[in-house]
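As a plain string of letters, each chain reads:
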Amino acid sequence: MSAAGDLGGRLHRVPVPLEGAFYDVLVGAGALDALADEVPWPATASRAAVVTSATVATLYADRAQAALERAGLDVRVLTVPDGEEAKTLDTLGALYHRLAAWPLRRGDVVVALGGGVVGDLAGFAASTWNRGVAVVQVPTTLLAQVDAAIGGKTGVNLAEGKNLVGAFHQPLAVVADTSTLATLPDRERRAGLGEAAKYGFIADPEVLRLLEARPDAMVAGDPGVLTEVVRRCVAVKARVVAADEREAGERALLNYGHTVGHAIEALAGYGTYRHGEAVALGMVAAARLGERLGVSEDGLAARTVALLEGLRLPTGGLRLDPARLWDVLARDKKAGAGGVRFVLCRRPGDAVVVDPPARADVDAVLRGLA
Ligand SMILES: NC(=O)c1ccc[n+]([C@@H]2O[C@H](COP(=O)([O-])OP(=O)(O)OC[C@H]3O[C@@H](n4cnc5c(N)ncnc54)[C@H](O)[C@@H]3O)[C@@H](O)[C@H]2O)c1
Ligand SMILES: [Zn+2]
């Protein structure tokens, strides 16, 4: 643990060095209270609209509100309906009306308190409200802490597809309080650990060692062990997001396990597998494909399966027709004319985008997920 970026030994500050939008991610147990004095609130802000779900409001809105009031802000907690089905234009429209009724003005701020759904919705509302007001992301799911809250992607779904309406809107700060992860449903936490493992395979093998050393504590939501994992994953995402502004392409590595994972989600029906569960299966497929093609070191697939089993994530038992999975893969918007591109892991911490493999190799790997 470095002294730099360490706030009083309790919170960690991970910078996201984007040109024109430099911000920090604060990570640690108790980070919620840092909303008071560690966020660079604009001098123009007198009001803060805390957008959250009813579940998260019950658990954490009081603490968020108290911290924001200590920062001198006038606070209202605005709850929105929970779940992916509610990430819609209707929910957004209702939220705009509540911002108008207050009103939240041009110099004020939105605080997104919740999982990725709330973060995407509130972030998009902030990006458009009065042509754009500042937003602070306060992610309370593991998936949102290691992924969704960082990078500035915001948006809502249409019946025609996920995230079709959206904008890039970088936050003023991200506050990831790892003690909030203890109240997550067990399955959400395990799914988030699947996404965390991805960062280990593509960039930081220490994440894998941490997950392997204390899987039960991770699954149980112990902030003592989760904080270091979140901090490391955030550091990778921050680096990739910042690098990708200049050198296109690195962001593609974040899709490790996602090519097959997205196809599984789409074919099984969104909601059958949690995103992180589908990614777990996708990482098993990627590791086996990598070994088959001689790209990955021997033993990567076995290590992947053992690690994911330790976190009680799926590594097999998939009941989907491989031929139909292939069709979904080939239809994916990221598939080139020459076939399906994959991110493969050479060895933990080192990933690469490879030329489209032969269908027979992909098929064999997909059949192996049964
Ligand atoms: N913007 C991005 O870059 C990005 C990246 C990845 C995913 N996403 C989006 O994120 C969304 C998924 O986010 P998610 O996995 O966080 O799911 P979610 O936001 O639906 O949250 C899952 C559930 O956990 C509850 N919850 C949240 N925090 C809690 C806590 N601390 N204690 C108890 N319950 C809690 C929520 O109310 C919800 O019911 C998707 O819409 C996806 O598109 C966005
Ligand atoms: Zn993901």
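Cut-off values and rules
- Every residue gets a number counted from 1 within its own chain, in the order that chain's sequence is written.
- Labels are handed out in written order, letters beginning with A for the chains and numbers beginning with 1 for the ligands.
- Only residues with pLDDT of at least 70 get local features here, since the model is predicted, and only at 80 or more are side-chain atom pairs given and counted; chain-wide, interface and lining totals rely on the full set of residues.
- Elements are defined by DSSP. Helices are runs of H or I of four residues or more, strands are runs of E of two residues or more, and each kind is numbered from the N terminus.
- This radius of gyration counts C-alpha atoms alone. The globule rule is 2.2 Å times how many residues there are, raised to the power 0.38.
- With C-beta atoms placed from the backbone, a contact is any residue pair whose C-beta atoms sit within 7 Å.
- Bear in mind that the domain bounds are from an automatic or database domain assignment.
- Side-chain classes follow a simple rule in which Ala, Val, Leu, Ile, Met, Phe, Trp, Tyr, Cys and Pro form the nonpolar group, Asp, Glu, Lys and Arg form the charged group, and the remainder, Gly included, forms the polar group.

Caption draft 1: Highlighting the overall build of the protein chain. Secondary structure assignment for the protein chain yields 13 helices and 12 strands. In terms of C-alpha radius of gyration, the protein chain reaches 20 Å, essentially the compact-globule figure of 21 Å for 370 residues. Reported as C-alpha extents along the three principal axes, the dimensions of the protein chain are approximately 60 × 45 × 40 Å. A separation threshold of at least 6 residues defines the contact pool for the protein chain, and within that pool the share at least 24 residues apart is 72%.

Caption draft 2: Examining the domain arrangement of the protein chain more closely. You can read the domains of the protein chain as domain 1 (6-183) and domain 2 (186-367). Domain 1 and domain 2 are separated by 27 Å when their C-alpha centres are compared. Counting residues at the interface gives 25 residues for domain 1 and 25 residues for domain 2. Mapped by element, the contributors of at least two residues to the side of domain 1 that touches domain 2 are strand 2 (11-18), strand 3 (21-28) and helix 4 (142-148). Take the side of domain 1 that touches domain 2: its biggest share by element is 6 residues, from strand 2. Of the residues that constitute the side of domain 1 that touches domain 2, the class distribution is 15 nonpolar, 7 polar and 3 charged.

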